[in-house]
Amino acid sequence: MTAASMAMDVKRGTRVGEALMRLGATDSTNERLREMVEQGAAEGTVVVAESQSQGRGRHGRSWASPRGGLYLSVLLKPKPEEASLLTLLSGIAPARALTPLGLKAHLKWPNDLMLGRAKLGGILGEAILRRKELHLILGFGLNANVPRAKLPEGATSLLQILGRKVDVEELMQGILAQLETLFSTFKAGGAEELLREYRILCTTLGRKVEVRTASGNIRGAAVDLTPHGLLVVEDDRGRRHEVADATVRHVA
Ligand code: BTN
């Protein structure tokens, strides 16, 4: 996409969504925002697209991004040691934003937004160091008005659950407002409070899980979260593992 074909509404600011770039089709909103980081984008800058041709998921997976879904990326500049906890906690925002629709979403650790046993959305956090400053791009994908036939196995959409289309713009504004509140709480020292809320939303805790990490697989019970948001898994021999980045399957 060329600069000329982008529908832009970029205002300078530091609040979430104060600088907002709207795109029709793009490859990946995370990629577009990454380019804007190179041009000095402000914290809180948002890129939203109607569809993505190369939507990215966690662990190199692709993210199905047909029209009707919500695809948005937000730029933050946290302290490096806060980036992974902030990424984890950002999952609270879309969960909160769904309550006006009468939906109680939950989170599968770390960042899968679930309705029942089906995946409704996910978050991809990507960090870049630019001029010694950490830039965290948080990309949110949410299956809003996407028909079931266009979704991968195990996924669901708001259209499928509610049986009607939702207002995607309203949904986006709801998520951005919740992110603004959440980041302010976090910056004001409220990480513990947010972690308590995350624990309530996280249905991985207390479950039997199978965890795939880069250094091997673990089978056991997800018993806790560390203050940094790592998942504590007690394996079948009683050993405790603190997992930073993994794919988790709920087995019971
Ligand atoms: C996951 O694997 O669960 C994370 C999916 C994240 C998808 C979103 S859509 C907007 C942003 N742009 C991307 O290319 N990916 C993220």
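Heads up: these notes are all about the structure in this document. In this text, all values refer to a predicted model and were calculated from it rather than measured experimentally. (Residues numbered from 1 in each chain as written. Predicted model: local features only at pLDDT ≥ 70, side-chain atom pairs only at ≥ 80, totals over all residues. Heavy atoms only, no water.)

### A word on the side chain of T247
As for its position among the elements, T247 is in strand β13 (residues 247-250). For T247, a relative accessible area of 18% gives the class buried. Not counting residues up to four positions away in its chain, the partners in contact with T247 are H59, R61, E210, V211 and R212. (Helix = DSSP H or I, 4+ residues; strand = E, 2+ residues; numbered from the N terminus. Buried < 20%, exposed > 50% of the residue type's maximum accessible area, 1.4 Å probe, protein only. Contact = heavy atoms within 4.5 Å.)

### So, the site of the ligand
Around the ligand, the surrounding shell holds 20 residues, and the nearest of these are S28, Q52, R56, R58 and K119. Between the ligand and T29 there is a distance of 3.1 Å, counted from a nitrogen atom to a side-chain nitrogen or oxygen. One of the backbone nitrogen or oxygen atoms of R56 is found 2.7 Å away from an oxygen atom of the ligand. In the complex, 99% of the free accessible area of the ligand, which totals 420 Å², lies under the protein chains. Elements that contribute at least two residues to the shell around the ligand include exactly α1 (29-38), β4 (70-76), β7 (118-130) and β8 (133-142). (Near = heavy atom within 4 Å. Polar contact = N/O pair within 3.5 Å; in protein donor to acceptor, adjacent residues only side chain to side chain. Areas by Shrake-Rupley, 256 points an atom, 1.4 Å probe, with all protein chains shown as cover.)

### Regarding unusual backbone geometry
For the bond from W109 to P110, the omega torsion is 0 degrees, close enough to zero to count as cis. Among the secondary structure elements, P110 is positioned in the loop between β5 (106-108) and β6 (112-115). In this structure, R131 takes a positive phi of about 45 degrees despite not being glycine. Inspection of the secondary structure assignment puts R131 in the loop between β7 and β8. We classify R131 as exposed; its relative accessible area is 71%. With a phi close to 65 degrees, K132 is a non-glycine residue in the positive phi region. Structurally, K132 can be placed in the loop between β7 and β8.

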